[in-house]
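In case you want the letters, here they are:
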Amino acid sequence: MDPLQFYGVTVASRLLLGTAQYPSPAILADAITRSEADILTVSLRRESTGGSGGRDFWKLISAMGKKILPNTAGCHSAKEAITTAEMARDVFDTPWIKLEVIGNADTLQPDVFGLVEAARELCAQGFQVFPYTTDDLIVAEKLLSVGCEVLMPWGAPIGSGKGLNNRFALKAMRAHFPNVPLVVDAGLGVPSHAADAMELGYDAVLLNTAVAKAGDPAAMAEGFALAVKAGRLAYRAGAMEARDMAVPSTPVFGQPFV
Amino acid sequence: MDESSGFLSSFQAFLITTGNRYAMKIAVIGAGVMGLVTAHHCALRGGSVTVYERRPETGRGCSWYAGGMLAAWCEMESAEPLIGELGLESLSYWKTHFSHVVEKGTLVIAPPRDLPDLKRFAARTHAHEWLGRDAVAALEPDLAERFETALFFASEAHLDPRVTLDALRQKLIAEYGVTFVMDSAVSPDDINADHIFDCRGYEARDVLKDLRGVKGEMLILRTKEVNLSRPVRLLHPRIPVYIVPRADHHFMVGATMIESGDRTRFSARSMVELLNAAYAVHPAFGEAEIVETGTDVRPAFADNLPRIRRDGKILRLNGLYRHGYLGAPALARRAAEIVFEGKSFPEVER
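This report concerns the structure included in the present document. Everything numeric in this text was worked out from a predicted model, so none of it was measured.

Remarks on the overall build of chain B
1) Next: Counting its secondary structure elements, chain B contains 8 helices and 17 strands.
2) Next: Projected onto its principal axes, the C-alpha coordinates of chain B cover approximately 85 × 40 × 35 Å.
3) Next: Of all 350 residues assigned to chain B, the portion counted as buried reaches 56%.
4) Next: Put simply, of all contacts in chain B between residues at least 6 apart along the chain, 76% involve residues at least 24 apart.
5) Next: With 42 positive and 46 negative side-chain charges, chain B shows a separation of 3 Å between the mean positions of the two kinds.

Details of the overall build of chain A
1) Next: If you tally the helices and strands in chain A, you get 9 helices and 10 strands.
2) Next: With respect to the principal axes defined by its C-alpha atoms, chain A has extents near 80 × 40 × 35 Å.
3) Next: Here chain A holds 258 residues, and 50% of them are scored as buried.
4) Next: Counting contacts in chain A only where the partners sit at least 6 residues apart, residues at least 24 apart contribute 66% of the total.
5) Next: A gap of 2 Å separates the mean positions of the 22 positive and 27 negative side-chain charges of chain A.

Remarks on the interface of chain B and chain A
1) Next: Chain B puts 27 residues into the contact, and the matching count from chain A is 23 residues.
2) Next: Of the roughly 1900 Å² buried at the junction of chain B and chain A (both faces included), carbon and sulfur atoms supply 42%.
3) Next: Between the two partners, chain B and chain A, sit 1 salt bridge.
4) Next: One salt bridge in this structure joins R269 of chain B and E80 of chain A, with 3.8 Å as the shortest N-O distance.
5) Next: In this structure, the connection of chain B to chain A is made through 4 residue pairs in polar contact (both at pLDDT 80 or more).
6) Next: Ranked by the residues each element gives to the side of chain B that touches chain A, the list is headed by strand β10 (residues 212–222) of chain B, at 4 residues.
7) Next: Counted by class, the side of chain B that touches chain A contains 6 nonpolar, 7 polar and 14 charged residues.

Here we look at unusual backbone geometry
1) Next: In the segment running from G254 of chain B into A255 of chain B, the intervening peptide bond is cis, with an omega of -20 degrees.
2) Next: Within the chain, L108 of chain A stands out as a residue other than glycine whose phi angle is a positive 55 degrees.
3) Next: Along the chain, L108 of chain A turns up in the loop between β6 (96–99) and α4 (112–124).

A word on the pattern of salt bridges
1) Next: Counting across every chain of the model gives 44 salt bridges over all chains.
2) Next: Sharing partners across several salt bridges, the network here consists of R45, E85, E89, R333, R334, E337, E341, K343 and E347 of chain B.

Overview of the sheet that holds strand β16 (residues 307–311) of chain B
Residue and element names in this part refer to chain B.
1) Next: If you trace the 6 strands from one edge of the open sheet to the other, you get β8-β2-β1-β9-β17-β16, paired in mixed fashion. The open sheet is flanked by β8 (179–181) and β16, the only strands paired with a single partner. Direction aside, the axes of adjacent strands within the sheet are offset by 20 degrees on average.

As for the side chain of D38 of chain A
All names here are of chain A.
1) Next: With respect to the helices, strands and loops of the structure, D38 is situated in the loop between α1 (25–35) and β4 (39–43).
2) Next: Residue classification places D38 among the buried positions, given a relative accessible area of 12%.
3) Next: A polar contact of 2.9 Å, which involves the side chain of D38, links it to the backbone nitrogen of A12.
4) Next: Of note is the side chain of D38, whose polar atom sits 2.7 Å from the side chain of K67.
5) Next: Look past the residues within four positions of D38 in its chain and what remains in contact with it is T10, V11, A12, S13, L15, K66 and K67.

Let's talk about the pairing of strand β6 (residues 150–153) of chain B
Regular strands show a simple pattern: their side chains alternate between the two faces of the sheet.
Residues and elements named next belong to chain B.
1) Next: Residues A150 and F152 point to one face of β6 and L151 and F153 to the other, with burial holding for every one of them.
2) Next: With 3 bridges connecting them, strand β4 (residues 106–109) and β6 associate as antiparallel partners. Bridging from a neighbouring strand, T106 pairs with F153 of β6.
3) Next: Bridge analysis of strand β5 (residues 129–131) against β6 gives 3 bridges, and the strand direction is antiparallel. Paired with E129 across the strands is F152, a residue of β6.

Details of the state of the cysteines
Two cysteines joined by a covalent bond between their sulfur atoms form a disulfide.
1) Next: For the coordinates displayed, the defined rule picks out 0 disulfides over all chains.
2) Next: Of all cysteine sulfurs, the one in C199 of chain B lies closest to C42 of chain B, which takes part in no disulfide; the gap is 8.6 Å.

Some thoughts on the side chain of T223 of chain B
Residues and elements named next belong to chain B.
1) Next: Structurally, T223 is set in the loop between β10 and β11 (232–234).
2) Next: A polar contact is formed between the side chain of T223 and the backbone nitrogen of E225, at a distance of 3.0 Å.
3) Next: Once you skip the residues sitting within four places of it in the chain, T223 turns out to touch H249, F251, A284, F285 and A288.

Focus on the packing of helix α3 (residues 78–92) of chain A against α4 of chain A
Residue and element names in this part refer to chain A.
1) Next: Where α3 meets α4, the axes come as close as 9 Å, and the angle between the chain directions of the two elements is 35 degrees. Between α3 and α4 lies a crossing whose hand is right-handed. Across from A78, I82 and A85 in α3, the residues of α4 making contact are G114, E117, A118, E121 and L122.

What to know about the nonpolar core
Grouped burial of nonpolar side chains is what soluble globular proteins tend to show.
1) Next: Core analysis: the largest hydrophobic core is formed by 76 residues, its most contacted members being F6, L99, V129 and V205 of chain A.
2) Next: What V129 of chain A contacts, discounting residues up to four positions off in sequence, is Y7, I97, L99, A119, L122, C123, C148, E149 and V150 of chain A.
3) Next: A71, C74, L86 and A110 of chain B belong to the second largest nonpolar core, which has 72 residues in total.

Some points on the environment of C75 of chain A
1) Next: Among the secondary structure elements, C75 of chain A is positioned in the loop between β5 (67–71) and α3.
2) Next: Beyond its immediate sequence surroundings of up to four residues, C75 of chain A is in contact with E80, A81, T84, E100, V101 and I102 of chain A.

Considering the environment of L91 of chain B
All names here are of chain B.
1) Next: By the secondary structure assignment, L91 is in helix α3 (residues 81–97).
2) Next: A residue is classified by how much of its surface remains accessible, and L91, at 7% relative accessible area, is buried.
3) Next: Here the alpha-carbon distance between L91 and G327, two residues 236 residues apart in the chain, equals 9.1 Å.
4) Next: When sequence neighbours within four positions are dropped, the list of residues in contact with L91 reads L70, S155 and A157.

About the thresholds
Position numbers for residues start from 1 in each chain and track the written sequence from start to end. Whichever chain is written first is A, and whichever ligand is written first is 1; the rest continue in order. Only residues with pLDDT of 70 or above have their local features reported here, since the model is predicted, and side-chain atom pairs are shown and tallied only from 80 upward, although totals for entire chains, interfaces and linings are computed over all residues. To get the side-chain values, all heavy atoms of the structure are used, and hydrogens and water are removed first. Secondary structure elements are defined from DSSP: runs of H or I of at least 4 residues count as helices, runs of E of at least 2 residues count as strands, and each element is numbered from the N terminus. Relative accessibility decides the category of a residue: with a 1.4 Å probe and only protein chains considered, values under 20% of the type maximum give buried, values over 50% give exposed, and everything between is partly exposed. Whether two residues touch is decided by their heavy atoms; if any such pair falls within 4.5 Å, the residues are in contact. Asp and Glu are treated as the negative residues and Lys and Arg as the positive ones, with His and the ends of the chain left uncounted. Note on charges: their place is set at NZ of Lys, CZ of Arg, CG of Asp or CD of Glu. A quick way to say it: buried area is the sum, across both parts, of accessible area lost when two parts are put together, with a 1.4 Å probe. Counted as salt bridges are all cases of a side-chain nitrogen of Lys or Arg within 4 Å of a carboxyl oxygen of Asp or Glu. As used in this structure description, the phrase polar contact means that two N or O atoms lie within 3.5 Å; if the pair is within protein, one of them must be able to donate a hydrogen and the other to accept it, and residues adjacent in sequence are counted only when both atoms belong to side chains. In this count, Pro and Cys sit with the nonpolar residues alongside Ala, Val, Leu, Ile, Met, Phe, Trp and Tyr, while Asp, Glu, Lys and Arg are called charged and the others, Gly among them, polar. When DSSP locates at least two bridges between a pair of strands, those strands are taken to pair. Here, axes are lines fitted to C-alpha atoms. For helices the fit covers the stretch in contact, and angles between N-to-C directions go from 0 to 180 degrees. In this description, a disulfide is simply a cysteine sulfur pair whose atoms lie within 2.5 Å. Crossing handedness is defined as follows: a turn of the near helix away from the far one that is anticlockwise and smaller than a right angle gives a left-handed crossing, while the clockwise case is right-handed. Put simply, a nonpolar core is a bunch of buried Ala, Val, Leu, Ile, Met, Phe, Trp, Tyr and Cys residues held in one set by side-chain atoms that sit within 4.5 Å of each other.

By themselves, these figures tell us nothing about what the structure is for.
Now the structure itself:
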């Protein structure tokens with residue numbers, strides 16, 4: 001057993017899947033199934049919450065029977081993110097919220113100041129916050145101190161598909177917070193990136209674009225599911241240390257055993 | 001003998017004037033592009049057609065706000081192969097029956113930092129060629145300064161939806177004697193007809209429970225400072241936009257895609273995104289006049305593919321999504337052949 005818990009809730013998969021940008025809801029449903037994801041992130045546009053028929057898409061997502069992690073994607077201020085989080089709680093009936101406060105529309109880099117401010121307010125209101133943050137350790141400490149119990153640092157900018165831009169910083173974060181669930185959120189492009197994050201000891205990864213924009217999203221979802229499992233197994237197994245020279249596995253005649 | 005032969009010849013004349021058979025009574029509910037091309041295909045096969053529309057004018061639903069791009073190849077970037085098949089047939093329909101279809105292809109461009117998106121687009125589609133700066137300048141001189149590379153889909157075409165809807169209505173009245181009953185939100189139960197085609201789009205959610213709404217917002221700009229000859233698609237990771245040139249220096253800029261059935265409001269955010277994209281294509285759009293803003297809801301099923309559903313003597317044609325002009329003629333032809341020729345089309349009867 002290798003259980004993973006977020007806010008006391010045990011989740012069955014270490015792959016969290018986003019639901020935006022798929023060619024159709026039917027293809028999204030196939031991708032969800034083959035990803036074996038247990039948690040789906042759903043980004044809420046305010047206008048999709050009201051009116052008759054405005055919730056058709058959310059009904060389709062809900063019908064998948066997965067845990068829903070609503071997302072404040074596209075919010076550019078703490079206030080906007082808080083308002084969106086409150087709406088999401090009404091729509092999805094969950095205290096969970098993936099908190100994004102975007103600092104710049106082009107880079108989609110988190111505004112870590114607004115993030116901490118919004119997290120403080122939402123935690124005080126009883127939300128269970130999953131903050132999308134950078135790999136900065138001090139920001140991470142602030143987030144924990146205002147009540148967050150999960151951290152979601154970026155691997156690379158949202159949608160860039162670059163993989164782990166700063167492995168050193170991500171390793172430092174893992175070492176610095178050994179007991180906090182850490183999720184690499186954003187920037188992964190291919191399954192090997194996900195395996196890389198898991199081999200570093202991250203508890204889970206969160207994806208969207210890499211699957212949604214693949215030629216065959218459902219197949220790519222399965223590829224990521226396998227990579228996440230492989231990376232996790234490798235981390236738990238304990239990897240050998242890399243070295244610069246070849247090491248023959250049998251004695252070489254004429255060489256001492258050193 | 002003389003009398004009876006006289007009776008026979010006049011009876012034969014009667015048969016000839018009525019198309020030599022009983023004219024099937026056809027009712028079409030909904031006068032958007034789906035309803036009008038369905039009326040046309042039924043009239044072509046000798047049906048006696050009446051079109052019912054709840055609004056006072058034809059085509060004022062989401063057909064009115066469409067781009068009118070006949071872009072079967074570009075759409076293959078994200079759509080299923082069926083859309084390409086329907087799109088090619090529909091392109092041929094529009095070219096056969098209407099003279100105002102513009103056959104100048106489609107240009108797909110991206111800002112320099114989004115060139116990976118252009119490569120991705122090229123990898124998912126075919127029937128295109130890569131253009132360098134000189135070739136872009138030859139096709140669209142106004143874009144050459146800003147875009148060094150583009151994808152050109154030479155076989156595509158576009159039409160002005162509003163001109164088309166009007167021409168189609170006039171053709172149906174003048175050439176086929178189709179009757180239009182406006183301001184009339186009828187139920188199929190109230191109609192006396194042999195076959196009823198339900199083409200109400202998103203309004204048909206009362207009977208098509210798996211239909212969902214995908215909201216779209218568009219605007220029409222007017223400027224004499226930009227000249228484009230063909231639709232231009234600007235790729236962007238979050239906000240892909242197209243600009244379609246229309247008569248008298250008008251440009252249709254569209255369209256947002258929002259999972260919502262609310263057709264009432266055009267958000268400031270959407271306006272900013274559309275205008276930003278237009279400005280990125282050419283800065284002179286910043287000085288353009290905003291002539292019109294529009295918003296409506298596209299009807300779609302979960303796989304974003306259109307369907308024909310049989311329900312007794314009612315056929316429900318729906319789920320055109322963003323492929324109204326691209327899909328409707330081909331779907332209507334199939335529906336008409338189901339009724340007039342007893343055929344079946346498993347690819348759309350789901």
